[in-house]
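# Chain and residue survey
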Amino acid sequence: MTTRRIYIVDDDLAVRTSLEYLLSMIGESEIRCFDSGDSFLESAPLLEPGCLLLDLQMPGASGLQVLSTVGGRPTRFVPIVLTGEGDVSVAVQAMKLGAIDFIEKPCDHLKLMTAVEAAFTQQAASTAEEQRKAKAISLLEQLSSRELDVLRGLIDGQSNKIIAHALDISPRTVEIYRAKLMEKLQVRSLSEVLRIAFAAGLVPMD
Amino acid sequence: MQELNPPPQRLGGSLPVRMTPIVPALVLAAQLVCVLALCGWAFGLAGLSGGFFGGYRMQPLTAVAFMTIGFGILLSGTSRRGFTGWVMALPLLIGCSALAQELSGLSLGIDRLLFPGSVVHQFRSYPGRPGVLPALGILLLALASLAVISRAPAVRRLSVVFSCVAIAAAAISGTLLPLGMSTPGPETRYALMSLPSALTICLLAIAVVALRRQYAWPGSPDCGFGSATIQTCLLLCVSMPVVSALGHFWAERAGHASAEMIEIVQAVAQVALSCGLIAWAWMRIARESGARSAVNLALDSAPVSITDVDGRILRWSAGCERLYGWTSEQALGRFQQKLTGTPPISAAGIEALLGGARHENEVTAYRRDGRALRVLHSCQAVQPRSDLPPMVVHSMTDITARTQAERAVLASDARLSLAIDLHELGIFEWSLATDRFVFHGHAERLFALAPGAFEGGIEAWKQHLRATFGTTFHTPGPPETWPAGRHPFRLVAVEGGIAKVVEGTAHIHHGPGEGDISMIGIVMDATEREQRAEMLKSRESELRSILETVPEAMITIDGDGRIRSFSATAETLFGYAATEVLGQDVRLLLPRYVRPSGKPVVPGQDGAAETRITAGLDRHGNELPIEIAIGAAEVGNQRIAIAFIRNLREQLAAQARINELREQLLHASRASAMGEMGAGLAHELNQPLTATSNLLGAIDLMMAREGDPEQVRCMLELARQEVLRAGSIIRRMRAFAAKGELDIQAEPLEEVIGETLQLARSRRRAPGVRLRYRPSVAAPSVLADRIQIQQVLVNLLNNAFDALAGLNDRQPEIIISTRQLNDGHIMVSVIDNGPGLPEAIINRPFETFSSTKVNGMGLGLSICRRIVEAHGGCFSLRNVPDGGAAVEFTLPTFAELELKAG
């Protein structure tokens, strides 16, 4: 496992300090504290992915604002909302914006630690899937445009003849493109082709 | 002087003659004698006509003549005196014819005109003819009777002479026969007279004299006694020797005494009679001269003077002395016109005076002391004797008072007529005797009559009134039954919709006589007055209704503190009916302890109402809190006070309720603010709890892993601090929740504001609002109740947050700043950049319940102001120029107070 990074955003010094103490018990972790949402957002683009412990009530940008800003990159920060005012509407809003947990202050330190562990697990999972997708995309990027057209036809479940007719080429040529395609993707069967395509996010067009 | 008061006979006897009763008595006696004589002739009774004494009888013609004279005398005493002359023609004729026949010896043949049969059988020269003496007596009496009625005084004087001669002749000749001194015969017939004739002559002569006594003796010299005395004396003087001579003859004849004795007795009788006559005359004269001197005195007391023709004063009466102030000594010899300052009589005037004219004029004279007199001056020239120079008799009458009175009367008349004219009064008169109306002044116009057109009597008058005014006087029945006294009337004629009102009074007067009823009345136009009265009445009712709607109780009080009016509201307030308290002392309405000892003083200035709050006392003895405003006014010539009284009981109760409500609201607001604050405090409390929990968790883990004890202690210390912090937060919250009095202490302003900001930041409803604090004060301690000032700030921030909600076009921002002022105060401003405050709130920000918020209670600013003002600060609102509201308040600084104390 690589170094796990924990970012604490809270306006209260005592809370930040105590969290820092507590989370340092996890081990192999790197903890950074921010006293406001603004200061976090300023430095967010340069930060490594990690777990984000976010207070909602803060001067400047509030916790929800921070969430909506960083929510587009869910793989980078796994947000856990830590608030003193448990409110269903606020909790729902936070979850919609990508928070994986909503913890009311004060809370059991073990629960907090479990949540942080869970965040790291999720982060790890999301990292593996991303790697798979990246590989599939890189494989697909090797294909020519004709080969991609044929691939899309295959995804749609069309026969060689129909593909040839749609592309206005001979079925034979389609067969050649199909062979090249499978070679480039280093697969033997059509099902394998389709898995890569789906992993890369190439979904059939309705 | 007598000339100044001319006797009545100068007027030619035109005055009625009042006959004394003796004259007709005497005449009737004479007539009786004559009638008896005639009867004697008629019935052959010689005794009746005087035949007892020597057969010398009264002739019938003589009797007729005497009767005619008697009739004439009676006539002359009546108003038909002119006939006397004609009546006397008969006796004159008889007398003259008898004398003429006697003298000439002729016979006219009238002697036996009456009773010729009886007459001829007489022993007599000419039977039937009146004797010489009776004929003379007839002539004398006839002349005397004529003289009495003559206009010439000289002739009138002769009547007495004629009478006296007739009496003397009759007395002598008439007694000769009865006394037997003579016998009838042809020789003696000239000296004899029958007894009836003598008696008749005497009676008639005395009657003439008595008749003459009715008149003063005219033109007689001023000898000090009256003509009546003289006449009586004359009569006595004439008859006395006759009586004495007759007595002498009788005594001698009868031979009662010797001749000497008779002479002596006669002389003694003469002397005695003369003495008696003189004594009687003396007494009469003394009495009359006394009366005359009284007359003189009376005349002297009148202002009369006598001057010569040039005006030199010859006589100056006591009246003049009094009138002019000059004494007689001073005045005599001086010129009257100079002495009295009157204009002298002109030469022509003197000529006229000497010609007998009477001069009379009205002049202004001057008294000795210079005072002016108005004198009626009349003068006349007199010449008492031809050997004396003519004199001028002046008679002055002081008419100063009369002139003044006349002038006053004239002026009064003029005033009256002017008043009648100006006031358009009319006067009308009527009397039953004439049954005519007389109008003066405006009466005809007021009665709607053409001038001078109305001629009718009372009935026409009533008809006219009925036709014009539809009514008439309320005097039923004929005028005789009208009661005397005043009868006011009022007549209304409607012309073209305008009522013309005529008012007046008729006064009916009953005179002493039967049917002597008159009416005098006054009439005036009352139209305008009625209209004014109507207007006044309507204005008064309007005012009254206005006053009745005045919500305050109104009482008017006169100068003596007595209640003049008591409004309906006052009745309700005090429980008295107006009728009960009118005229009572106004102190009745005040409790004993606020009653002024003296009379309530009416305020001096008009309209300056003085308002004060005091207590009143109602009918049941309950005290009322009242507010009383007293103003003064002048009604007629009396000062009155007008008191407006408001019952404060309800107002005070309302005030108390409002205060109570405000307290409750303040508490509610505090509670609501506490709710707000509670949320923030809960958040704040969460922080130390969270920190503590985390720290304890970390310690737990570290203990389990047997970590660094130093680090554990450090974390424990941190946890302890957090717990303490939580405790202080709870304390603060409790202090805020408590509803207590102001607890002013020196508080660091930074800290107060900082805590508030922390609270404010914890608000959920403030997303994205930038809250800035810009302190600019070096001395940050203020004298304040921390919690309350925090409440103010929280309120203001809440307002600002609300104002900023929904602001899209710019970054919402609240700036809290402080600024040191020169007067030892710090100004705290809360400025937002929202839409600003509406005008209505700026103008009256602190009105309770005026809110701009949909759910606001409108208490925020009001409470804030109260708190700030309780701290001795000011609170103000304004809008900043580039949008947004600024709320500012000041607080006293602590350092300043120390300096003051030092």
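Sequence order as written defines residue numbering, which begins from 1 separately in each chain. Each chain gets a letter, beginning with A, and each ligand a number, beginning with 1, in the order they are written. In keeping with the predicted nature of the model, local features appear solely for residues at pLDDT of at least 70, side-chain atom pairs appear and are counted solely at 80 or more, and the whole-chain, interface and lining totals rest on all residues. To get the side-chain values, take all heavy atoms of the structure and skip hydrogens and water.

So, about the overall build of chain B. A run of DSSP states H or I qualifies as a helix once it reaches four residues; a run of E qualifies as a strand once it reaches two. Both are numbered from the N-terminal end. Counting secondary structure elements, chain B contains 26 helices and 22 strands. With a 1.4 Å probe rolled over the protein chains alone, any residue whose accessible area is under 20% of its type maximum counts as buried; one over 50% counts as exposed, and the rest are partly exposed. Residues counted as buried form 41% of the 902 residues belonging to chain B. Contacts were defined at the residue level, with two residues in contact if any of their heavy atoms lie within 4.5 Å. Of the contacts made within chain B by residues no fewer than 6 positions apart, 56% connect residues no fewer than 24 positions apart. Here chain B has roughly 47900 Å² of accessible surface; of this, 60% comes from carbon and sulfur atoms. Here, Shrake-Rupley sampling with a 1.4 Å probe gives the accessible areas, and only protein chains in the shown set may cover a residue.

Let us now look at the sheet that holds strand E4 (residues 77–83) of chain A. Residue and element names in this part refer to chain A. One requirement defines pairing of two strands: DSSP has to find at least two bridges between them. Overall, parallel pairing links the five strands, which are arranged E2-E1-E3-E4-E5 in an open sheet. In the strand order of this sheet, the two ends are held by strand E2 (29–34) and strand E5 (101–104), each with one partner. Between one strand and the next, the sheet's axes are offset by a mean angle of 20°, whatever the strand orientation. The sheet contact formed by strand E1 (residues 4–9) and strand E3 (residues 50–54) spans four bridges and is parallel. Note on method: axes are straight lines fitted to C-alpha atoms, helices fitted across the in-contact stretch only, with angles between N-to-C directions ranging 0 to 180 degrees.

Let's shift gears to the pairing of strand E4 (residues 372–382) of chain B. E4(B) sits mainly inside the fold: eight of its 11 residues count as buried. Between strand E3 (residues 358–366) of chain B and E4(B), which pair antiparallel one after the other, the connecting turn spans five residues, and B:Gly370 there sits at a positive phi close to 90°.

Looking now at the environment of B:Thr893. Residue and element names in this part refer to chain B. On the secondary structure map, Thr893 appears in the loop between strand E22 (885–892) and helix H26 (894–901). In this structure, the C-alpha to C-alpha distance between Thr893 and Gly824, residues 69 residues apart in sequence, is 5.8 Å. Beyond its immediate chain neighbours, meaning those up to four positions away, Thr893 contacts Ser781, Val782, Leu783, Gln820, Gly824, His825 and Ile826.

Residues and elements named next belong to chain B. Given the number of residues in a helix, its expected span is that number minus one, multiplied by 1.5 Å. Taking 1.5 Å of rise per residue, the 12 residues of helix H16 (residues 458–469) would be expected to cover 16 Å, and the 16 Å separating its terminal C-alpha atoms lies within 8% of that figure. Buried within H16 we find Ile458, Trp461, Lys462, His464, Leu465 and Phe469. Viewed end-on, H16 has its buried residues packed into an arc of 160°, placing them on one side of the element. In H16, the exposed positions angled more than 90 degrees off the buried face are occupied by Glu459, Gln463 and Ala467. Phi turns positive one or two residues past the end of H16, at Gly470, with a value near 80°. Directions pointing from the helix axis toward each C-beta atom define the arc.

This next bit is on the packing of aromatic side chains. Two numbers describe a pair of aromatic rings. These are the distance of the centres and the angle of the planes. All names here are of chain B. Only Phe, Tyr and Trp rings are paired, with Trp represented by its six-membered ring, and only when their centres lie within 6.5 Å; those with planes under 30 degrees apart are stacked, over 60 edge-to-face, the remainder tilted. Per the stated rule, a full pass over the model turns up 21 aromatic pairs over all chains. Seen from their ring centres, Phe428 and Phe447 are 5.3 Å apart, and the 80° between their planes marks the pair as edge-to-face. Of this pair, Phe428 sits in strand E6 (residues 425–431) while Phe447 sits in the loop between helix H15 (443–446) and H16, placing them 19 residues apart in sequence. In this pair, the class of Phe428 matches that of Phe447, namely buried. Counting every residue linked through ring pairs, the aromatic cluster contains Phe428, Trp430, Phe437, Phe439, Phe447, Phe454, Trp461 and Phe489. Two conditions define a charge located above a ring, namely a distance within 6 Å from the ring centre to NZ of Lys or CZ of Arg, and an angle within 35 degrees of the ring normal. The ring of Trp41 has Arg57 sitting right over it, with the charged end atom 3.9 Å from the ring centre.

Across a sheet, strands are paired by hydrogen bonds formed along the backbone, either parallel or antiparallel in direction. Residues and elements named next belong to chain B. Judged by pairing direction, the sheet is mixed, and its five strands sit side by side in the order E17-E19-E20-E22-E21 without closing on themselves. The sheet is open, and its two edges are formed by strand E17 (770–774) and strand E21 (875–879), each paired on a single side. Averaged over all neighbouring strand pairs, the angle between strand axes comes to 15°, with direction disregarded. Strands in contact with helix H23 (residues 786–804) are E17, strand E19 (813–820), strand E20 (825–832), E21 and E22; relative to E20, the strand with the most contacts, it is inclined by about 25°.

Residue and element names in this part refer to chain B. Throughout this description, the term salt bridge denotes a Lys or Arg side-chain nitrogen within 4 Å of a carboxyl oxygen of Asp or Glu. Applying the stated criterion across every chain yields a total of 30 salt bridges over all chains. Two residues, Arg532 and Glu528, come together in a salt bridge whose shortest N-O distance is 3.4 Å. A residue pair is termed a helical-turn pair when its members lie 3 or 4 positions apart in one helix, as Arg532 and Glu528 do in helix H17 (residues 527–549) at four residues. According to the relative accessible area criterion, Arg532 is partly exposed, its value standing at 46%. Between Arg544 and Glu540 there is a salt bridge; the shortest N-O distance is 3.1 Å. Taken together, the residues Arg544 and Glu540, both in helix H17 and four residues apart, mark about one turn of the helix. A network of salt bridges, in which partner residues are shared, links Arg490, Glu503, Arg529 and Glu530.

Residue and element names in this part refer to chain B. One finds Val23, Phe66, Ile69, Ile73, Leu141, Ile201 and Leu204 to be the most contacted residues of the largest nonpolar core, which totals 43 residues. Elements that contribute at least two residues to this core include exactly helix H1 (22–43), helix H2 (60–76), helix H3 (82–104), helix H5 (132–148), helix H6 (153–176) and helix H7 (195–212). Setting aside residues up to four positions removed in sequence, Phe66 forms contacts with Gln31, Cys34, Met58, Pro134, Ile138, Leu141, Ser197, Thr200, Ile201 and Leu204. To form a nonpolar core, buried Ala, Val, Leu, Ile, Met, Phe, Trp, Tyr and Cys residues must be joined to one another through side-chain atoms within 4.5 Å. Counting residues in each nonpolar core, the second largest holds 34 residues, with Leu749, Val752, Leu793 and Val887 among its members.

Time to look at the confidence of the model for chain B. Residue and element names in this part refer to chain B. A residue's pLDDT is the confidence the predictor assigns to it, expressed on a 0 to 100 scale. On average, residues of chain B score 78 in pLDDT, and 84% of them are at 70 or above. Confidence drops under pLDDT 50 across residues 1–17; counting only partners more than four residues distant or on other chains, this segment forms 21 contacts. Between residues 216–225, whose pLDDT stays under 50, and residues either more than four places distant or in other chains, the model counts 19 contacts.

To continue, consider the interface of chain A and chain B. Listed by partner, the interface residues are 25 residues for chain A and 26 residues for chain B. Summed over both partners, buried area is the accessible surface (1.4 Å probe) that two parts give up on being assembled. When the two sides are added together, the surface that chain A and chain B hide from each other amounts to roughly 2000 Å², 58% of it contributed by carbon and sulfur. There are one salt bridge connecting chain A and chain B. As a salt-bridge pair, B:Arg725 and A:Asp12 come within 2.7 Å of each other at their nearest N and O atoms.

All names here are of chain A. Counting buried positions along E4 gives seven out of seven residues, so the element sits mostly inside the fold. Covered by surrounding structure in E4 are Phe77, Pro79, Val81 and Thr83 together with Val78, Ile80 and Leu82, the residues of both alternating faces. Across five bridges, E3 lies against E4 in parallel orientation. Of the residues in E4, the one forming a bridge with Leu54 is Val81. Sheet topology places E4 next to E5; four bridges connect them, and they run parallel.

To continue, consider the packing of H3(B) against H5(B). All names here are of chain B. H5 packs onto H3 with a crossing angle of 155° between their chain directions and a minimal axis gap of 9 Å. Looking at the two axes, H3 sits roughly antiparallel to H5. Seen along the crossing, H3 lies across H5 with a hand that is left-handed. When H3 is examined against H5, the residues Thr84, Gly85, Met88, Pro91, Leu92, Ile94, Gly95, Cys96, Ala98, Leu99 and Glu102 are found in contact with a partner set consisting of Val132, Ala135, Leu136, Ile138, Leu139, Ala142, Leu143, Ser145 and Leu146. Considering only residue class, the contact of H3 with H5 consists of 15 nonpolar, four polar and one charged. These descriptions rest on fixed angle ranges, namely under 35 degrees for roughly parallel, over 145 for roughly antiparallel, 65 to 115 for roughly perpendicular, and the rest for oblique. Helix crossings get a hand from a simple test, with the near helix turned counterclockwise from the far one by less than a right angle marking a left-handed crossing and a clockwise turn marking a right-handed one. Residue polarity is assigned by list, with Asp, Glu, Lys and Arg as charged and Ala, Val, Leu, Ile, Met, Phe, Trp, Tyr, Cys and Pro as nonpolar; anything else, Gly included, falls into the polar class.

Residues and elements named next belong to chain A. With respect to the secondary-structure elements, Glu147 resides in helix H6 (residues 145–155). Classification of Glu147 by relative accessible area gives buried; the value is 2%. When residues no more than four places from it in sequence are discounted, the contact partners of Glu147 are Tyr177, Lys180, Leu181 and Lys184.

Moving on, we come to unusual backbone geometry. Here A:Lys105 and A:Pro106 are connected by a cis peptide whose omega angle stands at -20°. Locating A:Pro106 in the fold gives a position in the loop between E5 and helix H5 (109–140). At B:Glu424, a position not held by glycine, the phi torsion is positive, near 55°. Along the chain, the position of B:Glu424 falls in the loop between helix H14 (400–422) and E6.

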